[in-house]
Amino acid sequence: MAPRVLYWFRTDLRLHDSPALKAALDLDPEALYPVWTWDPHYVYHAKVGPNRWQFLLDCQSAISDGLSQLNSKSRLLVLRESPLTILPKLFKAWKISHLVFEKDTDSYARKRDEEVLAKSKEMGVECIVKYGRTLWDSDDIVGINGGPTMTTTQLQKAGQKLGPPPRPIPAPTSIPPPGDLSLKNVPQDKPGPRYFNADQNQTNRSSEDATYHAGLRGPKGDFSVPTMEELKMSAETPHRGGEKIALEILDKVVKDKKYTATFSKPETAPTDFQPASTCLLSPHMHFGSISCRKFYWDVLDVVEEWENSGREATEPPCSLTGQLFFRDMYFAAQAGIGTYYGQTLHNPKVRYIPWHLPSKHQPNPDDPRKSLSIKGTYYVDSEEAAEWFIRWREGRTGFPWIDAIMIQLKTEGWIHHLARHAVACFLTRGGCYIDWERGAEVFEEWLLDHEISCNAGNWQWLSCTAFFSQFMRIYSPITFPQKTDKEGNYVRHYIPQLKNFPEKYIYEPWKCPIADQRAAGCMIGKDYPKPMFDWKDRKEICIRGMKTAFEAGFHGNDVEVINGEARTILKGKLGDNVKGDIKLAGNPEFNNNQGKNRAETQPTVSKSVKLPTKRGQTTLDMFVRKKVKSEDERHS
DNA sequence: CAGCCGTTGAGTTT
DNA sequence: AAACTCAACGGCTG
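Residues numbered from 1 in each chain as written. Chains lettered and ligands numbered in written order. Predicted model: local features only at pLDDT ≥ 70, side-chain atom pairs only at ≥ 80, totals over all residues. Heavy atoms only, no water.

As annotated in an unreviewed UniProt entry, chain A carries the name Photolyase/cryptochrome alpha/beta domain-containing protein and comes from Orbilia javanica. A UniProt comment under Sequence similarities (unreviewed entry) is attached to chain A, and it reads "Belongs to the DNA photolyase class-1 family." (UniProt positions renumbered as here; feature names shortened; annotations may be inferred.)

## Topic: the packing of aromatic side chains
Applying the stated criterion across every chain yields a total of 32 aromatic pairs. Judged by centre distance (6.1 Å) and plane angle (65°), the ring pair of Phe273 and Tyr490 falls under edge-to-face. Separated by 217 residues along the polypeptide, Phe273 in the loop between helix 11 (257–262) and helix 12 (282–287) and Tyr490 in helix 21 (residues 489–494) bring together distant segments of the chain. A ring pair is formed by Tyr296 and Phe325, whose centres lie 6.2 Å apart and whose planes are at 50°; its orientation type is tilted. Of this pair, Tyr296 sits in helix 13 (residues 292–308) while Phe325 is found in helix 14 (residues 320–337), placing the two residues 29 residues apart along the sequence. Among the residues examined, Tyr296 registers a relative accessible area of 9% and is labelled buried. The class for Phe325 is buried, based on a relative accessible area of 6%. The ring of Phe550 has Arg351 lying over it, and the distance from NZ or CZ to the ring centre is 4.0 Å. Just above the ring of Phe389 sits the side chain of Arg438; from NZ or CZ to the centre is 5.7 Å. (Phe/Tyr/Trp six-rings, centres within 6.5 Å; stacked < 30°, edge-to-face > 60°. Helix = DSSP H or I, 4+ residues; strand = E, 2+ residues; numbered from the N terminus. Buried < 20%, exposed > 50% of the residue type's maximum accessible area, 1.4 Å probe, protein only. Lys NZ or Arg CZ within 6 Å of the ring centre and 35° of its normal.)

## With respect to the environment of Cys318
With respect to the helices and strands, Cys318 occurs in the loop between helix 13 and helix 14. Taking the C-alpha atoms as reference, Cys318 lies 9.3 Å from Thr262; in sequence the two are 56 residues apart. Excluding residues that lie within four positions of it along the chain, Cys318 makes contacts with Phe263, Ser264, Lys265, Pro266 and Gln323. (Contact = heavy atoms within 4.5 Å.)

## What about the packing of helix 14 against helix 19 (residues 452–462)?
Running from N to C, helix 14 and helix 19 point in directions that differ by 95°, and their axes come no closer than 8 Å. As summarised for this structure, helix 14 and helix 19 are arranged roughly perpendicular, according to the angle between their axes. Contacts from Phe326, Arg327, Met329, Tyr330, Phe331 and Gln334 of helix 14 reach helix 19 at Ile452, Ser453, Cys454, Gly457, Asn458 and Trp461. (Axes fitted to C-alpha atoms, helices over the stretch in contact; angles between N-to-C directions. Parallel < 35°, antiparallel > 145°, perpendicular 65-115°, else oblique.)

## Some thoughts on the UniProt feature "binding site: FAD" (unreviewed entry) in chain A
Here, the residues flagged by UniProt with the feature "binding site: FAD" (unreviewed entry) are Thr278, Cys279, Leu280, Leu281 and Ser282. With respect to the helices, strands and loops of the structure, Thr278 is situated in the loop between helix 11 and helix 12. Discounting residues that sit within four places of it in the chain, Thr278 has contacts with Tyr259, Phe263, Lys265, Thr268, Trp414 and His416. Within the element layout of this structure, Ser282 appears in helix 12. Taking the relative accessible area as the measure of exposure, Ser282 reaches 29% and is therefore partly exposed. Ser282 has contacts with Trp414 and Asp449, leaving out every residue within four places of it along the chain.

## Here's the deal with unusual backbone geometry
Here the bond from Gln274 into Pro275 is cis, since omega is 0°, no more than 30 degrees from zero. In this fold, Pro275 is placed in the loop between helix 11 and helix 12. Residue Pro317 is bonded to the preceding Pro316 through a cis peptide linkage, with omega at 10°. Relative to the helices and strands, Pro317 is located in the loop between helix 13 and helix 14. Unlike most non-glycine residues, Asp17 shows phi in positive territory, near 40°. Considering the arrangement of structural elements, one finds Asp17 in the loop between strand 1 (4–8) and helix 1 (19–26). At Phe467, a residue that is not glycine, the phi angle is positive and equals roughly 70°. Looking at the secondary structure, you find Phe467 in the loop between helix 19 and helix 20 (479–482). Residue classification places Phe467 among the buried residues on the basis of a relative accessible area of 16%.

So, in structure tokens, the structure goes:
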């Protein structure tokens, strides 16, 4: 009997270079059912902003059109039900012999897929799962590395052992049609109260009409891709999804041979906009509308040509291919760490820091093996930090560089990698001292390219809790953007109130004399907020906190972290080290310095905090410490 | 007074 | 586990 294949689209909304799709077509099936299941986890549990919804729907429409072009009877069949319940019903109704899909190593997806595979096996449906989302199979990388990859060197070494990533597979030129599409005696399972009562995206909807229940095949009964109107959402991003758009971007990139061969990530400007300094393929990577291996080989071919003509090309980690190595590293990190990858609690690789505003994952006092996830009302350690968090999220911290980035993030869904660094550092170890998980949640909602592996990993990196540890390297919200945008054009674009502000004060407008503020038509404290704290003081306090936490060396799976003691221990130690408390913004004197001599009104906390460190002393300290360490090693 | 050199402070992807 | 770089500064010297 000729195979009847259900091809389950998930992370692979493309036709080119899809190993799973190739495997499906290699079966030479008589019928191919291209299916998307509307997973309630995504619909209700995951907080997804309108911009990303639109991008997903763009990608789905594009794949549906692409399938129709290969066979007029084919299109994407969107089914509005959890895959766990609908797939078994489809196997029966459509007499499916094979289930084929691309491997997904995200923790929640893995769990879901295990259930689907078990059920399929039970029903006698043969399953084919192919990796296709990364350069190398993340599980293979973990196996060779002997655990999660925490550096790009580890990733590259493991990758070398596996050999170069496969060359891209061309898109198919024809596909079989689906067979009978009737759904006789197939009722729709509605999601249980667990999902129904937890619509995380309600605030983004203009009305509460749930479209999920519009029948298995959607409101028109034709399996069509949902629309933004149906979701009662509207998006404002200029960035749109779809395989064709993705391939056009890549094509344009590799046609500019100099750009491709000499690309150096650290030298791209986070302040560039219209156009940005990088190619914006990350959202397409996320939805699979571009293959990372096609990107890799298209770039490498240009690099080779460039080098053959005697010119020098950039290399990983700065080069374009280097960026893909970071991506694969984060994927293999999650694949190796598992369930607790996206949080500190229970995560052995993540350092514990007693942030002023902790995450929703709290230790469960009744069951130390579990965490207590607090939704809605978070535990608030510091009212002040809670306010800082809200102001950071909404882009009204009073630091124009930070605020402009957050506004671009919310409205457009994409910000430059270094801009992500700037706001992440500012929220965590370089300003607010707020848990990185809080920030990661905001990115998760608003980023078009949100990828749990890369997002959680990058937040761990920036907060110095994993991957990176040099907590004294703090981005200045004032001088960092000045390197690439002295005039402040980026800030002026995203914060129109500051459009005519004098260049000299564009990144620190609170220092601008009143008369100049009036002339620029923007009064600080009225039209644009005063800074919510003195950044230099906050920086000192943060570094002290980080130092204390690093010395104690608690990690997410340590017993003291799980039973909640680590917090008390560290706060006790911190109290000894930090003179003066963190209440700076509450000081009415603070920043009320318009037109006055600034020195008179500045808080003086940092003066008591600062320890004079002489250069020679530091070096001596280092020497002594190293010596002591080596003696310790000899004894042990 | 130019030029050298040590000090100092500020800033900081991987 | 408070490093390292780099530019600016200022004192000294030929």
